[in-house]
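A look at the structure
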Amino acid sequence: MSNHSRIKIGGNIEGCKLTTQVRAVYPKAAKKKRIQGTIHLQVLITKTGEPQIIEVLKGGDPQLIAAALEAVKQWRYSPCLLNSEPVEIRTQIDINFTLNQ
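Residues numbered from 1 in each chain as written. Predicted model: local features only at pLDDT ≥ 70, side-chain atom pairs only at ≥ 80, totals over all residues. Heavy atoms only, no water.

Summing up its helical and strand segments, the chain has 2 helices and 8 strands in all. The order of helices and strands in the chain, counted from the N terminus, is β-β-α-β-β-α-β-β-β-β. Burial analysis of the chain (101 residues in total) assigns 25% to the buried set. Long-range pairs, those at least 24 residues apart, make up 74% of the contacts in the chain between residues at least 6 apart in sequence. On the chain, roughly 7200 Å² of surface is accessible, and the fraction owed to carbon and sulfur atoms is 50%. (Helix = DSSP H or I, 4+ residues; strand = E, 2+ residues; numbered from the N terminus. Buried < 20%, exposed > 50% of the residue type's maximum accessible area, 1.4 Å probe, protein only. Contact = heavy atoms within 4.5 Å. Areas by Shrake-Rupley, 256 points an atom, 1.4 Å probe, with all protein chains shown as cover.)

Now the structure itself:
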């Protein structure tokens with residue numbers, strides 16, 4: 001028998017919803033240099049709906065990464081619920097920086 005604990009899958013899951021989304025500010029210097037790209041982040045959403053641990057999965061220009069992180073730190077979610085109890089979740093967020101913004 002394995003020492004791994006078993007996790008029961010199932011139950012009543014209610015996904016969290018984004019309630020406050022602060023748009024990333026395109027850095028002027030990056031715009032001037034015509035730097036574009038998508039910043040891929042993995043974010044831990046707490047039981048209270050706040051982004052807590054934000055990791056860069058794939059980035060690009062450091063200016064764009066900093067702008068993406070600054071914006072996502074200010075996002076807020078309604079709590080994710082499992083059987084009516086708030087739970088933490090991990091999600092991926094992609095922030096696009098394109099010159100036609």
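Note on placement: Asp 61 falls in the loop between β4 (51–58) and α2 (62–72). There is no salt bridge for the buried Asp 61, and the closest opposite charge comes from Lys 33, which lies 6.6 Å off by N-O distance. In terms of polar contacts, Asp 61 uses its side chain to reach the backbone amide nitrogen of Gln 63, at 2.8 Å. (Lys, Arg positive; Asp, Glu negative; His and termini not counted. Salt bridge = Lys/Arg side-chain N within 4 Å of Asp/Glu carboxyl O. Polar contact = N/O pair within 3.5 Å; in protein donor to acceptor, adjacent residues only side chain to side chain.)

Tracing the backbone through its elements, the reader meets Thr 46 in the loop between β3 (37–45) and β4. Overall, the relative accessible area of 11% leaves Thr 46 in the buried class. Within the local environment of Thr 46, its side chain forms a polar contact with the side chain of Thr 48, the two groups lying 3.0 Å apart. Sequence-distant contacts of Thr 46, defined by excluding residues within four places in its chain, comprise Gln 52, Val 87 and Glu 88.

A separate point is the pattern of salt bridges. For the coordinates displayed, the defined rule picks out 1 salt bridge. Note that Arg 90 is salt-bridged to Glu 55, the shortest N-O span being 3.8 Å. Taken together, the residues Arg 90 in strand β8 (residues 89–97) and Glu 55 in strand β4 connect sequence positions 35 residues apart. Accessibility expressed as a relative area gives 47% for Arg 90, which makes it partly exposed. Relative accessible area serves as the criterion here: at 34%, Glu 55 is assigned to the partly exposed category.

What the 3 strands build is an open sheet, ordered β1-β6-β7; its pairing is antiparallel. Each of the sheet's edge strands pairs with one partner strand only, and the pair in question is β1 (13–14) and β7 (85–87). (Pairing = 2+ DSSP bridges.)

So, on to the nonpolar core. Here is a general trend for soluble globular proteins: nonpolar side chains tend to be buried in one another's company. Judged by nonpolar contacts, the single largest core of 18 residues is most densely connected at Ile 39, Leu 64, Val 72, Trp 75, Ile 93, Ile 95 and Phe 97. Secondary-structure elements contributing two or more residues to this core are β3, α2 and β8. Discounting residues that sit within four places of it in the chain, Val 72 has contacts with Leu 41, Val 43, Pro 51, Ile 54, Ile 93 and Ile 95. (Core = buried A, V, L, I, M, F, W, Y, C linked by side-chain atoms within 4.5 Å.)

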